Amino acid sequence: MHDVWRVVRDFLFSKANREFLLFLFFLALSGVFWLFMTLNETYEREFSIPVTIVNVPKNVVLTSEETDTVRMTIRDKGTTLVTYMYGDVLKNIRVNFSSYAHNNGTGSISAGELQKMAYQQLASGSRITAIKPDKLEYFFNYGAKKRVPVRWSGRVIPEELYFISRVQYWPDSVDVYASTEKLDSINIIYTEPLNYANFRDTLLVNVHLARNKGVKTVPDRVKVGFFTDVLTDESIEGVPIQGINLPPGKVLRTFPSRVTVHFVTGVSLYRNLKPDDFTVIADYKEMKANPSEKCRIYLKKAPPGISRAHLSTDAVDYLIEEDQSGL
């Protein structure tokens, strides 16, 4: 070990290396001097400063974010600005709730007030040359809320030959806090826009709910599940034709009495379909207004998840008879 140390010492303190070490020392010294001179100059820098509403009464619900951000441009020497950048100064401006709250459920702090609060934390030589925005607003109520359903928004498109057969939400409804006027107008809360394409398996997404000014949702994010299925052209036979708007004592008989419905749906949904899931009608009022040997029939109802549904025929033979069931 002693021999190794001697070799290192002889190498470092040889004449050539002594000159190199001396060069490094003066280089470092000049760097420190340059840095000191640079930081001693005056600069301007923009800082993003959090503004937090504090001392909120227990019976008050803030319907806006508790913490907002103000951007201030500060002019001072570089050494001072560095302390603002990396020190604890300017970490937060705390605003007392009751000092700026109004009776209409809003509160506002002007740029001048924010500037005064910031100056209390700054060095005496610092000057604020710009501040954005012109004011900060916060919104609140006294617990008024409404339970509303969640719906997704955006663009969600599975692969070709697949479609979204079902959408599920966890939770499917959220509590909304806002002013009475806004609560009356809110019936659905949408998610932030989604953008997914070319998927075939079930897609599960954790997403924030869209933010609205003066509106708070609890919770503020949900999980959305998009369940896919394979598209297929199918048909179902034996769907009964029902007469509507018939006078008392009259009964409609059609020939045939049942028809076939053609449609596009998912494979898994098709397996569970029954003729009674569809409703096909013939309207007596239309027959009376337009007498003919045939009556028109319409597909009035189809189950969810069915698209491009149509009947195998749009008109059938018919008879109007007296209802003998009561005899």
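For every chain, the first residue of the written sequence is number 1, and numbering continues from 1 along that sequence. For a predicted model such as this one, the threshold for reporting local features is a pLDDT of at least 70, and the threshold for listing and counting side-chain atom pairs is 80 or more; totals across whole chains, interfaces and linings nevertheless cover every residue. As a rule here, side-chain values come from all non-hydrogen atoms in the structure, and water together with hydrogens is ignored.

Colleague: So what's going on with the sheet that holds strand E7 (residues 135-141)? Residues and values would help.
Modeller: Ordered in space as E2-E7-E5, the three strands form an open sheet in which the pairing is antiparallel. Edge strands, defined here as strands with exactly one partner in the open sheet, are strand E2 (61-62) and strand E5 (106-110). One bridge is not enough; two strands pair if DSSP finds at least two bridges between them. Starting at the N terminus, helices and strands are each numbered in turn, a helix being any DSSP run of H or I of at least four residues and a strand any DSSP run of E of at least two.

Colleague: Got a sec to walk through the packing of aromatic side chains? Specific residues and values, please.
Modeller: How two aromatic rings sit relative to each other is set out by the distance from centre to centre and by the angle between their planes. Think of it this way: a Phe, Tyr or Trp ring, Trp meaning its six-membered ring, pairs with another when their centres are within 6.5 Å, and the plane angle makes it stacked under 30 degrees, edge-to-face over 60, tilted otherwise. Counting across every chain of the model gives eight aromatic pairs. Residues tyrosine 138 and phenylalanine 140 carry aromatic rings whose centres are separated by 6.4 Å and whose planes lie at 35 degrees to one another, so their mutual orientation is tilted. Take tyrosine 138 and phenylalanine 140: they sit in the same class, and that class is buried. Ring plane angle 85 degrees and centroid distance 6.0 Å describe the contact between phenylalanine 140 and tyrosine 142, whose orientation is recorded as edge-to-face. Any residue under 20% of the maximum accessible area for its type is buried, any over 50% is exposed, and the rest in between are partly exposed; the area is computed with a 1.4 Å probe on protein chains only. Tyrosine 142 sits in the exposed class, given a relative accessible area of 58%.

Colleague: Requested: an account of the nonpolar core, with residues and values cited.
Modeller: Among buried residues, those of type Ala, Val, Leu, Ile, Met, Phe, Trp, Tyr and Cys that are joined through side-chain atoms within 4.5 Å constitute a nonpolar core. Membership of the largest hydrophobic core comes to 27 residues, with the highest contact counts inside it found for Met72 and Ile109. Of all elements in the fold, only strand E1 (42-54), strand E3 (67-77), helix H3 (78-86), strand E4 (93-96), helix H4 (97-100), helix H5 (111-119), strand E6 (127-132) and E7 reach the threshold of two or more residues within this core. Among the nonpolar cores identified, the runner-up in size contains 20 residues, and Val148, Val176, Val205 and Phe226 belong to it.

Colleague: Describe the side chain of aspartate 76, with residues and values.
Modeller: Among the structural elements, aspartate 76 can be located in strand E3. Charge assignment: positive for Lys and Arg, negative for Asp and Glu; neither His nor the chain ends contribute. When a carboxyl oxygen of Asp or Glu is within 4 Å of a side-chain nitrogen of Lys or Arg, the pair counts as a salt bridge. The side chain of aspartate 76 sits in the buried core without any salt bridge; lysine 77 is the nearest counter-charge, 6.9 Å away. In protein, a polar contact requires one atom able to donate a hydrogen and another able to accept it; more generally it is a pair of N or O atoms within 3.5 Å, and residues adjacent in sequence count only if both atoms are side-chain atoms. For aspartate 76, the side chain forms a polar contact with the side chain of serine 126, separated by 2.5 Å.

Colleague: Run through the pattern of salt bridges, naming residues and quoting values.
Modeller: Under the defined criterion, the tally for this structure stands at 13 salt bridges. Note that glutamate 137 and lysine 213 form a salt bridge whose closest N and O atoms lie 3.2 Å from each other. Highlighted residues: glutamate 137 in strand E7 and lysine 213 in the loop between strand E14 (203-208) and strand E15 (216-218), separated in sequence by 76 residues. Its relative accessible area of 33% is what places glutamate 137 among the partly exposed residues. Looking at lysine 213, the relative accessible area reads 56%, which means it is exposed. One salt bridge in this structure joins aspartate 317 and lysine 294, with 3.1 Å as the shortest N-O distance. One end of the pair, aspartate 317, is in strand E23 (residues 315-322); the other, lysine 294, is in strand E20 (residues 294-296), and 23 residues separate them in sequence. Aspartate 317 sits in the partly exposed class, given a relative accessible area of 34%. Overall, the relative accessible area of 43% leaves lysine 294 in the partly exposed class.

Colleague: Explain H3 residue by residue, including any values.
Modeller: Buried within H3 are the following residues: Gly78, Thr80, Leu81 and Tyr84. Summarising the axial view, the buried residues of H3 lie within an arc of 160 degrees, below the 170-degree limit, and thus occupy one face. To obtain the arc, one takes the directions from the helix axis to the C-beta atoms.

Colleague: Which residues make up unusual backbone geometry, and what values go with them?
Modeller: Backbone torsion omega between lysine 132 and proline 133 reads -5 degrees, so that peptide bond is classified as cis. Tracing the backbone through its elements, the reader meets proline 133 in the loop between E6 and E7. With omega at -10 degrees, the peptide bond leading from tryptophan 170 into proline 171 counts as cis. Within the secondary structure, proline 171 is located in the loop between strand E10 (162-170) and strand E11 (173-177). Phi is positive for asparagine 55, which is not a glycine, with a value near 60 degrees. As for its position among the elements, asparagine 55 is in the loop between E1 and E2. A relative accessible area of 57% means that asparagine 55 is categorised as exposed. The phi dihedral of asparagine 198 falls on the positive side, at around 60 degrees, and the residue is not glycine. As for its placement among the helices and strands, asparagine 198 is situated in the loop between strand E13 (194-197) and E14.

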